[in-house]
Amino acid sequence: MERHTYMTLCNTLRTRNLLEDARDISVEEQVAIFILTIGHNERNRAAQNTFQHSGQTISKYASLVLRAIWIMSGGPMIRCQYIFGDLNGSFHIFSTHVPAWVPASDQARFRNRKAFISQNVMV
């Protein structure tokens, strides 16, 4: 992702009040955690080492950014296998299938048990 695109995304999430700076972690770092986790298929442990935060913090902020982007996209609610909320209003999604658009040559790998093209996302 180019820098100006990244900064536009961060500023949009901030101005729409979907994300805000936390005590120790900025919106930019929250989005970077999300991009590393989802975009590069990194495990929680790798993100912990990269950002020097606990696994709980990595999971929390990746989930918050996912929720913010989903709200911004105007998409329907995600059906998840497990959702746990806490008093702060953050949600920890452990496993869900989201619709995917992939080239025809790769569609067989992304077809789920109900014959739809999706990707299993764990956060």
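Residues numbered from 1 in each chain as written. Predicted model: local features only at pLDDT ≥ 70, side-chain atom pairs only at ≥ 80, totals over all residues. Heavy atoms only, no water.

A complete count under the given rule lists four salt bridges for this structure. Between Arg-14 and Asp-21 there is a salt bridge, with the nearest N and O atoms lying 3.1 Å from each other. Residue class for Arg-14 comes out partly exposed when judged on its relative accessible area of 27%. Here Arg-23 ties to Asp-24 by a salt bridge, and the two come within 4.0 Å at their closest N and O atoms. Each member of the pair, Arg-23 together with Asp-24, is exposed. (Salt bridge = Lys/Arg side-chain N within 4 Å of Asp/Glu carboxyl O. Buried < 20%, exposed > 50% of the residue type's maximum accessible area, 1.4 Å probe, protein only.)

For helix H1 (residues 3–15), with 13 residues, the first-to-last C-alpha span of 18 Å sits near the 18 Å given by 1.5 Å per residue. Looking at the buried positions of H1, the neighbouring elements they touch are helix H2 (27–39) and helix H4 (55–73). Among the residues trailing H1, Asn-17 stands out with phi positive, at a value near 55 degrees. (Helix = DSSP H or I, 4+ residues; strand = E, 2+ residues; numbered from the N terminus. Expected span 1.5 Å × (residues − 1). Contact = heavy atoms within 4.5 Å.)

For any two helices packed against each other, the geometry is given by the interaxial angle and the distance between the axes. Two elements in contact, H2 and helix H3 (residues 44–51), have axes whose closest approach is 10 Å; the angle formed by their N-to-C orientations is 145 degrees. Read as a crossing pair, H2 and H3 show a hand that is right-handed. In this structure, H2 contributes Glu-29, Ala-32, Ile-33, Leu-36 and Thr-37 to the contact, and H3 contributes Ala-47, Thr-50 and Phe-51. Looking at side-chain class alone, the contact of H2 with H3 contains five nonpolar, two polar and one charged residues. (Axes fitted to C-alpha atoms, helices over the stretch in contact; angles between N-to-C directions. Left-handed = near helix turned anticlockwise from the far one by under 90°. Nonpolar A, V, L, I, M, F, W, Y, C, P; charged D, E, K, R; others polar.)

Turning our eyes to something else, we now look at the packing of H3 against H4. Relative orientation of the contacting elements H3 and H4 amounts to 100 degrees, with a least axis distance of 9 Å. Judged by the angle between their axes, H3 and H4 are roughly perpendicular. Contacts from Asn-44, Ala-47, Gln-48 and Phe-51 in H3 reach Gly-55, Ile-58 and Ser-59 in H4. For the contact of H3 with H4, the residue count by class is three nonpolar, four polar and no charged. (Parallel < 35°, antiparallel > 145°, perpendicular 65-115°, else oblique.)

Let us now look at the confidence of the model for the chain. The predicted model of the chain averages 80 in pLDDT, with 80% of residues at 70 or higher. Here residues 78–91 is a poorly scored stretch, pLDDT under 50, and it has 26 contacts once near neighbours within four places are set aside; other chains count. (pLDDT = per-residue confidence, 0-100.)

This part takes up unusual backbone geometry. Even without glycine at this site, Gln-52 takes up a positive phi of about 55 degrees. Its place among the elements puts Gln-52 in the loop between H3 and H4. Residue Gln-52 is classed as exposed on the basis of its relative accessible area, which comes to 64%. One non-glycine residue, Ala-115, lies in positive phi territory at about 70 degrees. Along the chain, Ala-115 turns up in the loop between helix H5 (107–110) and strand E4 (118–121).

You can see Thr-8 is positioned in helix H1. From its side chain, Thr-8 meets the backbone oxygen of His-4 in a polar contact 2.7 Å long. (Polar contact = N/O pair within 3.5 Å; in protein donor to acceptor, adjacent residues only side chain to side chain.)

A separate point is the nonpolar core. By size, the foremost hydrophobic cluster in this structure holds 20 residues, and its most contacted members are Leu-13, Leu-19, Val-31 and Ile-33. At the level of secondary structure, the elements contributing two or more residues to this core comprise H1, H2, H3 and H4. Of all the elements, H4 adds the most residues to this core, at seven residues. Those residues in contact with Ile-33 that sit more than four places away from it in its chain are Ile-25, Phe-51, Ile-58 and Ala-62. (Core = buried A, V, L, I, M, F, W, Y, C linked by side-chain atoms within 4.5 Å.)

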